[in-house]
Each structure stands twice: as structure tokens, then as C-alpha cells.
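# A closer look at the structure
For reference, the chains in residue letters:
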Amino acid sequence: SIIHPEHAGLMSPMDDPHVKAISNRHGRTPSQVLHRWLLQLGAVVIPRSRRRERIIENSRLFDFALPDSDIRLLNGLASLVKSTPSKRTPTWCEDV
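Residues numbered from 1 in each chain as written. Predicted model: local features only at pLDDT ≥ 70, side-chain atom pairs only at ≥ 80, totals over all residues. Heavy atoms only, no water.

## A closer look at the overall build of the chain
Heads up, the rule is: Helix and strand labels come from DSSP, where a helix needs a run of H or I of at least four residues and a strand needs a run of E of at least two; each type is numbered from the N terminus. Remark: exposure states derive from per-residue accessible area (1.4 Å probe, protein chains only) relative to the maximum for the residue type, with buried under 20%, exposed over 50%, and partly exposed in between. In this analysis, two residues are considered to be in contact whenever any of their non-hydrogen atoms come within 4.5 Å of each other. For the area figures, the Shrake-Rupley method with a 1.4 Å probe applies, and any residue is considered shielded solely by the protein chains shown.
Counting its regular elements, the chain contains four helices and zero strands. For the chain, the succession of helices and strands along the chain, N to C, is α-α-α-α. Of all 96 residues assigned to the chain, the portion counted as buried reaches 34%. Restricting to contacts in the chain with at least 6 residues of sequence separation, those with at least 24 account for 52%. Put simply, the chain shows about 6500 Å² of open surface, and 54% of that area lies on carbon and sulfur atoms.

This is the structure in C-alpha cells:
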């Protein structure tokens, strides 16, 4: 999972300053922003938790939308993680 905090020794997406700035602008948590981003890309998102407050937080993904500018920024962050000068990865990510 791209949101998994043990992401190959790299900075957790939840701690990324760009993700935090987007979450602050929308009054959401970084987790909500990242899950909403995936939903808007057409991915299936199955959040899980045992804690009541996190279950409620996870259910609040459908009462907001990210503008195209935020989607493009998050896409760019995803491509920075895996891309090299000769190959853009993931391939679904447009270069920003």
C-alpha cells in the first residue's frame, strides 16, 4: 500500500509536508487526504481500524473532494518515489 508507514525506509506519506499542507487546507487528516486521492483516481480503498474514532474518520471520505491541483501534486509525489531519469513510475502518473 502506498499509504503504509513502513514504505521502503522512505518518509511516510502521512508525514510528507505536502500531504500535511493539503490536509490542513481541507481540515482533514493526512490519512483522509491520501485515501480520498486514491478514490478520485478510481482505486478501491478499504480502510480498516479497531478504534472507534478512526472508523468514524475513515467513513468521512465521501463528503469532500480534492481539487485537480491537489490531485496533480499527490500524483507528482507518487512518481518521485519510484521514478528514475529514464523511466517514469508509476506509469499512470502524469509528469508534473
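## Details of helix H1 (residues 17–26)
We count it as follows: Here the arc refers to the directions that run from the helix axis out to each C-beta atom.
Considered for burial, the residues of H1 that qualify are Val19, Ile22 and Ser23. Down the axis, H1 shows its buried residues gathered within 100 degrees of arc, on one side only. With respect to the buried face of H1, the exposed residues turned more than 90 degrees away are Pro17, Asn24 and Arg25. Looking one or two places after H1, you find Gly27, whose phi comes out positive at around 65 degrees.

## With respect to the pattern of salt bridges
This is how the line gets drawn: The salt bridge definition used is simple: a Lys or Arg side-chain nitrogen within 4 Å of an Asp or Glu carboxyl oxygen.
Evaluated as defined, the whole model comprises five salt bridges. The partner of Asp63 in a salt bridge is Arg28, and the shortest N-O contact between them spans 3.0 Å. Of this pair, Asp63 sits in the loop between helix H3 (52–59) and helix H4 (68–82) while Arg28 is found in the loop between H1 and helix H2 (30–40), placing the two residues 35 residues apart along the sequence. Assessed through its relative accessible area of 47%, Asp63 is described here as partly exposed. Glu57 serves as the salt-bridge partner of Arg54, at 2.5 Å between the closest nitrogen and oxygen.

## Here's the deal with H2
For H2, the buried fraction is high: eight of the 11 residues fall into the buried class. Taken together, the buried positions of H2 are occupied by Ser31, Gln32, Val33, Leu34, His35, Arg36, Trp37 and Leu38. Of the residues trailing H2, Gly42 is marked for its positive phi of about 95 degrees.

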